[in-house]
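Coordinate analysis (summary)
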Amino acid sequence: MLEEVERWLTRRSWSSADRPLNRLTDARAADPHRTSVSVVLPALNEEATVGAIVATIRRELMEKVRLVDELVVIDSGSTDATAAVARAAGARVVHRDAILPRIPALPGKGEVLWRSLLVTSGEIVCFIDADLKDFSADFVSGTVGPLLTDPAVQFVKAMYDRPFGDTAGQGGRVTELVARPLLNLHWPQLAGFVQPLGGEYAVRRSLLERLPFPVGYGVELGLLVDALHTVGLDALGQVDVGVRRHRHQDGQALGRMAAAIYRTAQLRLSRGHLVRPALTQFERGAEGFVPRTHPVDTEERPPMREIEEYVERWAA
């Protein structure tokens, strides 16, 4: 590990307990405009978990204390009761296709996160995955904490244990097999991030609006790498929030995720194009193995400050 990263780990890695809620609310009160907070949950068929997450954030961080200003669920086309459950729990629900209809929506998590900037107003934006189980408000307060108390910090990732079933420390398979090797080999300054692909992180809007967004699974890697190049390592941090439990993907879904993440890294390394942006996987059928070919996400959305509607909204 680079000496620079070792020093960074001692300066920019914290625990959620390092900043108690009263310290965060005091920081908010001192400068409520600069420290306004929006929480965004991208959701696709998450009726089983989204309600509990929304209810916890509302109760702990909007009613008991005033840390979060707005809580928005972006529904990316759910066919279950995700939208109704989230709304009943107290979130504002916006359908992906209702945001920036001039540009037809593409499938993918990154697309939803990008569009969320147009329907939120916080100077700090905190993204939380909607499939978390046993959710703790520390995922929000922990990641926004450094942004509220240190103006030099611009991007904070949550770090946590990721058990796989009953086995500790075995979650994050794409992280260990794809993302961590890529980062260590090509962006060694980012080797200190425990969960580089984690979906829980908080970022200053002024940075987010300058970054391109991969539309699919590569969004977390892309934002992290581009943030490093835009604001430097010392503006990035991570906070330990305990344990993350969520719904695990099957092996083939992980393969497609890995391909998208590799493609995101490849684009940043060469700013070129993959010769064949597709991934073929195999499933056993009645007569043997059957190939199934899936497209690899190759689209990226431009920095939001280049979108006319966004510029007009923030100029008003």
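Keep in mind that what you see is a predicted model, and the values were worked out from it rather than measured. (Residues numbered from 1 in each chain as written. Predicted model: local features only at pLDDT ≥ 70, side-chain atom pairs only at ≥ 80, totals over all residues. Heavy atoms only, no water.)

1. Things to note about helix α2 (residues 21-30)
Taken as a whole, α2 has its buried residues at Leu24, Ala27 and Arg28. Across the axial projection of α2, the buried residues extend over an arc of 100 degrees, all falling on one side. Residues of α2 that are exposed and point over 90 degrees away from its buried face: Asp26, Ala29 and Ala30. Its buried side turned inward, α2 meets α6 (138-149). (Buried < 20%, exposed > 50% of the residue type's maximum accessible area, 1.4 Å probe, protein only. Helix = DSSP H or I, 4+ residues; strand = E, 2+ residues; numbered from the N terminus. Arc of directions from axis to C-beta. Contact = heavy atoms within 4.5 Å.)

2. Comments concerning the sheet that holds strand β5 (residues 124-127)
In space, the eight strands of this open sheet follow the order β1-β10-β7-β8-β5-β2-β3-β4, with mixed pairing throughout. Each having just a single partner strand, β1 (13-15) and β4 (92-95) make up the two edges of the open sheet. Between one strand and the next, the sheet's axes are offset by a mean angle of 25 degrees, whatever the strand orientation. Alignment of β5 against strand β8 (residues 201-204), held across four bridges, turns out to be antiparallel. In the sheet register, Phe127 faces β8, and the bridge partner there is Tyr201. Strands β1 and β10 (236-243) of the sheet are contacted by helix α1 (residues 3-12), whose axis makes an angle of about 60 degrees with β10. (Pairing = 2+ DSSP bridges. Axes fitted to C-alpha atoms, helices over the stretch in contact; angles between N-to-C directions.)

3. So, the pairing of strand β2 (residues 37-43)
Of all seven residues that make up β2, seven are buried, and the element is covered over most of its length. The alternating pattern of β2 places Val37, Val39, Leu41 and Ala43 on one face and Ser38, Val40 and Pro42 on the opposite face, and all of these are buried. By the bridge criterion, six bridges tie β2 to strand β3 (residues 70-75) in an arrangement that is parallel. Residue Ala43 lies in a different strand from β3, and its bridge partner there is Asp75. Traced from β2 through helix α3 (residues 50-63) to β3, the parallel crossover comes out right-handed. (Right-handed = clockwise from strand over helix to strand, strands pointing away.)

4. Concerning helix α9 (residues 219-231)
Residues lying three or four places apart along an α-helix face the same way, a consequence of the helix completing one turn every 3.6 residues. If you check α9, its first and last C-alpha atoms are 18 Å apart, about what 13 residues at 1.5 Å a residue would give, namely 18 Å. Counting buried residues in α9 gives 10 out of 13 residues, a clear majority hidden from the surface. Along α9, the residues that are buried comprise Val219, Glu220, Leu221, Gly222, Leu223, Leu224, Val225, Asp226, Ala227 and Leu228. One or two positions beyond α9, positive phi appears at Gly232, with a value near 90 degrees. (Expected span 1.5 Å × (residues − 1).)

5. Quick look at the nonpolar core
Grouped together as the largest cluster of nonpolar side chains are 50 residues, with contacts concentrated most on Ile74, Phe155, Val174, Leu190, Phe213 and Leu236. For this core, the element with the most residues is α9, which contributes seven residues. Ile57, Met62, Leu71 and Val241 belong to the second-largest nonpolar core, a separate cluster that totals 40 residues. (Core = buried A, V, L, I, M, F, W, Y, C linked by side-chain atoms within 4.5 Å.)

6. Describing unusual backbone geometry
The residue Asn45 is not glycine, and still its phi comes out positive at about 55 degrees. Here Asn45 lies in the loop between β2 and α3. With a phi close to 55 degrees, Leu100 is a non-glycine residue in the positive phi region. With respect to the helices and strands, Leu100 occurs in the loop between β4 and α5 (109-116). For Leu100, a relative accessible area of 7% translates into the label buried.

7. As for the packing of α3 against helix α4 (residues 82-89)
Contact geometry of α3 with α4 gives a least axis separation of 8 Å together with a crossing angle of 20 degrees. Here α3 lies roughly parallel to α4, going by the angle between them. Relative to α4, α3 is oriented so that their crossing is right-handed. Seen from α3, the contacting residues are Val50, Gly51, Val54, Ala55 and Arg58; seen from α4, they are Thr82, Val85, Ala86 and Ala89. (Parallel < 35°, antiparallel > 145°, perpendicular 65-115°, else oblique. Left-handed = near helix turned anticlockwise from the far one by under 90°.)

8. Structural notes on the packing of aromatic side chains
One pass over the full model with this rule turns up six aromatic pairs. Ring geometry for Trp8 versus Phe193: centroids 4.8 Å apart, planes at 45 degrees, classification tilted. Here the residue Trp8 occupies a position in helix α1, and Phe193 occupies one in the loop between α7 (173-186) and β8, the gap between them amounting to 185 residues. By the ring-pair criterion, three or more aromatic residues cluster together here, those being Phe127, Phe155 and Tyr201. (Phe/Tyr/Trp six-rings, centres within 6.5 Å; stacked < 30°, edge-to-face > 60°.)

9. A word on the packing of α7 against helix α10 (residues 251-270)
Direction vectors running N to C along α7 and α10 enclose 10 degrees, while the axes themselves pass 9 Å from each other. When the axes of α7 and α10 are compared, the pair comes out roughly parallel. Listed contacts from α10 to Arg173, Val174, Val178, Leu182 and His186 of α7 are Leu254, Met257, Ala258, Ile261, Tyr262, Ala265 and Leu269. Grouping the constituent residues of the contact of α7 with α10 by class yields 10 nonpolar, one polar and one charged. (Nonpolar A, V, L, I, M, F, W, Y, C, P; charged D, E, K, R; others polar.)

10. As for the pattern of salt bridges
Under the defined criterion, the tally for this structure stands at 23 salt bridges. Among the ionic pairs, Arg58 bridges to Glu63, the shortest N-O distance being 3.7 Å. (Salt bridge = Lys/Arg side-chain N within 4 Å of Asp/Glu carboxyl O.)

Geometric descriptors of this kind do not, in isolation, establish any biological role.
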